[in-house]
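Results of the structural survey
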Protein chains: 2
Amino acid sequence: MFESAELGHTVSKAEYNAEVPNLREQLLDVQFELAEKKPFPVILIISGVDGAGKGQTMNTLHFWMDPRNIHAHALGEATDEELERPAMWRYWRKLPPRGSIGAFFGSWYSHPMRMRIDGGKDCDYLDSYLVDFLRFERMLADEGALILKFWLHLSKDALKQRLTELESDKATKWRVTKKDWDRYERYDDLRPVAEHVLRRTSTGHAPWIVVESSDERYRNLTVGRTLLKALQARLGEKVQATTASVPVQALAQDDNVNLLTNLDYTKELSKKEYKKQLELYQGRLHKLSRSPKFRDHSVVAVFEGNDAAGKGGAIRRVIGAMDSRFYNIVPIAAPTDEEKVQPYLWRFWRHLPRKGHSVIFDRSWYGRVLVERVEGFCAEGDWMRAYGEINDFEEEMARHGVIVVKFWLSITAEEQLKRFQEREATGYKRFKLTDEDWRNREKWDEYSAAVCDMVERTSTEIAPWTLVEANSKYYARIKVLKTLCKRLEAEL
Amino acid sequence: MFESAELGHTVSKAEYNAEVPNLREQLLDVQFELAEKKPFPVILIISGVDGAGKGQTMNTLHFWMDPRNIHAHALGEATDEELERPAMWRYWRKLPPRGSIGAFFGSWYSHPMRMRIDGGKDCDYLDSYLVDFLRFERMLADEGALILKFWLHLSKDALKQRLTELESDKATKWRVTKKDWDRYERYDDLRPVAEHVLRRTSTGHAPWIVVESSDERYRNLTVGRTLLKALQARLGEKVQATTASVPVQALAQDDNVNLLTNLDYTKELSKKEYKKQLELYQGRLHKLSRSPKFRDHSVVAVFEGNDAAGKGGAIRRVIGAMDSRFYNIVPIAAPTDEEKVQPYLWRFWRHLPRKGHSVIFDRSWYGRVLVERVEGFCAEGDWMRAYGEINDFEEEMARHGVIVVKFWLSITAEEQLKRFQEREATGYKRFKLTDEDWRNREKWDEYSAAVCDMVERTSTEIAPWTLVEANSKYYARIKVLKTLCKRLEAEL
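Since the structure is predicted, the reported quantities are computational estimates derived from the model, not experimental observations.

Helix and strand content of chain A: 20 helices and 10 strands. Overall, chain A is about 85 × 50 × 40 Å in size when its C-alpha atoms are taken along their principal axes. Within chain A, buried positions represent 53% of all 492 residues. Here chain A displays about 22,700 Å² of accessible surface, and carbon together with sulfur accounts for 49% of that area.

Put into structure tokens, the structure is as follows:
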């Protein structure tokens with residue numbers, strides 16, 4: 001894997017000086033086009049052997065290009081705000097928006113590689129991370145990102161030579177520390193791990209590019225040219241709608257027997273019984289939410305349901321048991337323009353709670369496989385891949401101790417009609433019924449099919465869906481509270 | 001000050017139950033209007049004697065209103081990301097956008113009050129904070145925020161009674177800790193401090209509202225009604241452009257002798273001399289940027305100047321000396337929609353660097369007193385108050401160890417014309433000249449007047465302006481680098 005990066009590539013000073021102005025000119029041109037049209041984000045990973053010149057390479061790119069539109073992220077130790085969220089949160093918050101370039105030093109690969117080399121972890125440990133990274137980068141690519149992963153390589157001899165050179169020059173002596181020599185001694189441990197990682201995570205959409213780095217000029221030119229070519233190629237592509245092939249279509253449910261029609265909508269509770277149980281479960285929930293164990297967890301609760309199914313009322317009963325200082329309600333409406341230039345999950349990642357806190361999503365990332373699917377706001381390939389991406393997202397949360405609870409509040413078409421008509425009669429402006437509500441209603445069957453697919457594909461052990469029969473508001477609210485209590489009791 | 005909050009106000013259960021539905025109805029209505037029209041943000045401070053029910057009051061508001069649009073922020077200990085920025089950063093990042101309500105527990109008042117009561121600090125210490133808060137709240141109000149500050153009051157006897165009651169009930173016993181009784185013992189220390197703070201920071205636009213809190217129902221109703229009235233009043237106001245009176249107009253400079261015309265534009269450097277000095281100062285800057293002392297500081301560099309004055313080239317030479325992992329360049333263009341619903345300084349606060357890092361602003365908050373003033377994008381009252389707000393902003397940074405450096409790159413009108421014509425001839429698309437550039441040029445004198453006012457009003461000892469004669473690019477770049485080096489040497 002590193003063979004061709006140990007051939008001793010060099011570029012003469014004359015060649016370099018002749019080439020650079022032309023390269024810069026072209027890089028600036030493509031970067032300008034990128035910034036103007038904002039067709040996609042560019043994600044660079046600058047990784048490799050310590051001492052191979054990662055920082056200098058980046059500085060060179062900054063100097064060659066318009067530095068206002070390349071952002072370098074050196075993510076070292078995680079901050080406490082980062083430690084309180086799932087591991088990938090720190091990378092999500094730094095993702096470049098469309099039209100700009102983000103370069104990661106110490107990318108997501110650093111931690112598991114370090115743990116493999118220095119932390120005594122085995123190969124399975126490393127591989128379990130690599131699966132995540134493959135899926136993460138696949139998602140980024142599907143969302144349009146151009147991903148280039150540079151591995152700056154030095155042979156052991158070249159590394160020794162480089163450290164010696166740096167040490168012997170007064171101006172650069174400070175850059176060589178004992179740690180660097182330790183790393184040199186352990187070069188033979190790094191090499192096979194690096195090879196393993198590069199081999200298993202180099203893909204067509206997110207390839208590793210190994211760059212021989214013993215000669216600075218060769219290294220800079222190679223990185224610059226590679227970036228230029230990739231940008232030119234992507235900018236030159238005809239824009240076309242995603243037409244990823246979808247091997248399996250959703251099963252057509254012709255017999256009207258499905259998860260939703262199968263629910264018993266006659267379930268109800270008397271007002272008296274409701275009040276009793278409300279007090280009971282709110283009390284239990286309150287107690288759970290202030291349990292010391294809760295401080296190591298957080299809760300992400302998702303409320304989805306038919307229009308007028310009573311999401312708001314159910315949420316209100318949940319928070320009735322909680323302290324407003326420790327939860328946040330996030331109503332999902334149209335994305336802001338900062339959200340529109342990011343992968344679709346970005347606007348949910350940014351709201352993830354700290355430990356000891358809860359976030360309640362009033363509608364959620366499931367919009368992707370519900371409204372966006374039914375209304376055709378995204379291509380079939382996009383919502384089909386979303387199921388897997390969503391499962392990954394929820395798994396990441398669960399792994400970090402986030403308790404993910406998801407409710408679908410389900411009412412019958414007749415019940416919805418009744419509630420719509422009541423709202424029209426009431427006429428409070430905050431309950432105003434929009435044309436959209438009536439339009440959605442016309443697509444009842446399509447929405448039902450989408451809901452059934454969603455539940456089937458995303459109800460997992462770590463983040464199960466609870467279908468709530470909601471024709472009776474009392475019954476629904478109690479079922480929500482009870483489910484939440486049981487789930488928290490099981491997890492804490 | 002607390003007299004009328006110790007009269008023993010109570011509300012009977014019957015009265016409460018009769019009143020609440022009506023109050024809720026009206027609160028929901030105004031909240032809906034607020035969310036729909038997004039005319040202004042609402043900032044609530046919920047403060048007061050510990051044990052007076054701050055949390056319960058907030059929970060009640062959440063239950064009464066639409067909780068999706070009220071966000072409670074309990075800011076306790078600062079996170080490390082917060083500790084690395086100026087003290088007010090944590091509040092800026094939580095400011096509610098227009099159309100929504102943000103409630104702060106443990107607001108900006110908490111820290112200095114605690115330091116006065118428990119930390120052995122004197123009254124002057126407290127007052128030095130109060131000045132900041134007055135100016136901060138004035139700015140928020142000028143930016144349109146509706147600010148209500150609630151002080152939930154209990155007399156010493158009432159506090160004792162309340163703690164005793166809570167302790168005697170099994171369900172609430174946990175809420176009383178030894179700390180609460182300690183605070184009770186020290187009630188007499190709190191009271192005069194609270195009175196002092198309330199008196200000195202209660203203003204027409206951000207009043208303190210003292211609420212007697214011995215009776216829960218009275219407390220809830222009073223807070224709810226006050227909020228309702230304030231919202232109704234503000235929503236009912238006719239929208240009118242800010243017409244704050246401006247007592248002093250900018251001095252008309254008729255004689256064409258000003259800070260800018262006074263510069264010596266013939267200053268230049270030969271290419272040879274430039275190269276020599278470039279190497280010298282970049283070396284010095286590089287060394288400074290990796291000094292251990294730098295880790296306790298950060299740099300905020302502002303680049304402003306005439307169109308085509310060479311800001312980009314100067315920035316490029318500065319970063320040529322720095323490590324791309326530790327700086328970020330923020331080009332200021334039109335605000336995003338998330339930025340538009342916040343006070344105008346918000347979009348700069350969000351980019352402030354961590355310790356050891358630098359941020360270079362390519363154009364900045366000075367747009368408020370330059371382009372926004374000249375083009376009439378904001379009212380005269382708005383840009384006139386901006387000078388003071390900007391000075392406050394920079395002082396906050398300086399106090400936190402941020403080194404604020406500001407450059408105005410100045411060229412003559414003739415030089416600008418020459419450069420515009422060269423750009424037209426070159427025709428690289430990244431240098432394309434827009435109609436706007438030509439239009440700005442027609443307002444040369446107005447811009448010059450705005451620049452002179454800006455320098456006069458915002459060049460301070462802690463954050464001085466450096467005017468850079470930029471007809472010679474070589475000269476300008478060296479002056480920038482040299483200034484930066486000297487400044488860092490002085491501060492580190």
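So, about the confidence of the model for chain A. The pLDDT averaged across chain A works out to 91; a share of 96% of its residues lies at or above 70. Taken over the whole predicted complex, pTM reads 0.87, whereas the ipTM for its chain interfaces reads 0.83.

Per the counting criterion, the structure on display carries three cavities of 30 Å³ or more. Lining the largest cavity, in full, are B:Leu285, B:Ser289, B:Phe294, B:Val299, B:Ala301, B:Val318, B:Met322, B:Ser358, B:Ile360, B:Leu484 and B:Leu488. Among the secondary structure elements, those contributing two or more residues to the lining of the largest cavity are helix 11 (271–289), strand 6 (298–305), strand 8 (358–362) and helix 20 (473–491) of chain B. Residues that form the lining of the largest cavity fall into these classes: nine nonpolar, two polar and no charged. Estimates place the volume of the second largest cavity at around 70 Å³. What lines the second largest cavity is simply A:Leu285, A:Ser289, A:Phe294, A:Val299, A:Ala301, A:Val318, A:Met322, A:Ser358, A:Ile360, A:Leu484 and A:Leu488. Only helix 11 (271–289), strand 6 (298–305), strand 8 (358–362) and helix 20 (473–491) of chain A provide two or more residues apiece to the lining of the second largest cavity.

Moving on, we get to the pattern of salt bridges. All chains considered together, the criterion is met by 82 salt bridges over all chains. A salt bridge links B:Lys156 to B:Asp188, with the shortest nitrogen-to-oxygen separation between them at 3.5 Å. With B:Lys156 in helix 7 (residues 156–168) and B:Asp188 in helix 9 (residues 187–201), this residue pair connects regions lying 32 residues apart in the sequence. The class for B:Asp188 is partly exposed, based on a relative accessible area of 48%. Residues B:Glu469 and B:Lys267 are paired through a salt bridge, measuring 3.5 Å at the closest nitrogen-oxygen approach. Within this pair, whereas B:Glu469 is found in strand 10 (residues 465–469), its partner B:Lys267 is found in the loop between helix 10 (216–236) and helix 11, the two being separated by 202 residues in sequence. Overall, the relative accessible area of 5% leaves B:Glu469 in the buried class. Each of A:Arg138, A:Asp142, A:Glu143, A:Arg368, A:Glu372, A:Asp382, A:Arg385 and A:Glu389 takes part in salt bridges that share partners, so that together they form one network.

A few words on the interface of chain B and chain A. Between chain B and chain A, the residue contacts involve 51 residues of the former and 50 residues of the latter. For the pair chain B and chain A, the summed buried surface comes to about 4,600 Å²; carbon and sulfur atoms form 49% of the total. The interface formed by chain B and chain A includes six salt bridges. Residues A:Arg350 and B:Glu338 are paired through a salt bridge, measuring 3.0 Å at the closest nitrogen-oxygen approach. Put simply, chain B and chain A have 22 residue pairs in polar contact (both at pLDDT 80 or more) between them. Every element with two or more residues in the side of chain B that touches chain A is listed here: helix 1 (13–37), helix 2 (54–64), strand 2 (70–74), helix 3 (80–83), helix 12 (311–319), strand 7 (327–331) and helix 13 (337–340) of chain B. Looking at the side of chain B that touches chain A, the element that brings in the most residues is helix 1 of chain B, giving seven residues. In terms of residue class, the side of chain B that touches chain A is built from 18 nonpolar, nine polar and 24 charged.

Our focus in this paragraph is the relation of the copies chain B and chain A. Overlaying chain B with chain A gives an RMSD of 0.0 Å, the required rotation being 180 degrees about an axis along which the chain moves by 0.0 Å. This pairing of chains is accounted for by a two-fold axis. In this assembly, 98% of the residues forming the interface of chain B have copies in chain A that are likewise at the interface, indicating an isologous arrangement.

Residue and element names in this part refer to chain A. One way to put it is that helix 6 (residues 123–142) packs onto helix 16 (residues 380–399) with a least axis distance of 11 Å and a crossing angle of 135 degrees. Relative to helix 16, the element helix 6 is oriented oblique. Between helix 6 and helix 16 lies a crossing whose hand is left-handed. Across the interface between the two elements, Asp132, Arg135, Met139 and Asp142 of helix 6 pack against Arg385, Gly388, Glu389, Asp392 and Arg399 of helix 16. Taken together, the residues of the contact of helix 6 with helix 16 sort by class into one nonpolar, one polar and seven charged.

Analysis parameters
Residues numbered from 1 in each chain as written. Chains lettered and ligands numbered in written order. Predicted model: local features only at pLDDT ≥ 70, side-chain atom pairs only at ≥ 80, totals over all residues. Heavy atoms only, no water. Helix = DSSP H or I, 4+ residues; strand = E, 2+ residues; numbered from the N terminus. Buried < 20%, exposed > 50% of the residue type's maximum accessible area, 1.4 Å probe, protein only. Areas by Shrake-Rupley, 256 points an atom, 1.4 Å probe, with all protein chains shown as cover. pLDDT = per-residue confidence, 0-100. 1 Å grid on protein atoms, 1.4 Å probe; cavity = no way out; pocket = protein on both sides within 12 Å on 5 of 7 lines; lining within 4 Å. Points joined across faces, edges and corners; volume = space filled by probe spheres on them. Nonpolar A, V, L, I, M, F, W, Y, C, P; charged D, E, K, R; others polar. Salt bridge = Lys/Arg side-chain N within 4 Å of Asp/Glu carboxyl O. Contact = heavy atoms within 4.5 Å. Buried area = accessible area lost by both parts, 1.4 Å probe. Polar contact = N/O pair within 3.5 Å; in protein donor to acceptor, adjacent residues only side chain to side chain. Least-squares fit on C-alpha atoms with pLDDT ≥ 70 in both. Axes fitted to C-alpha atoms, helices over the stretch in contact; angles between N-to-C directions. Parallel < 35°, antiparallel > 145°, perpendicular 65-115°, else oblique. Left-handed = near helix turned anticlockwise from the far one by under 90°.

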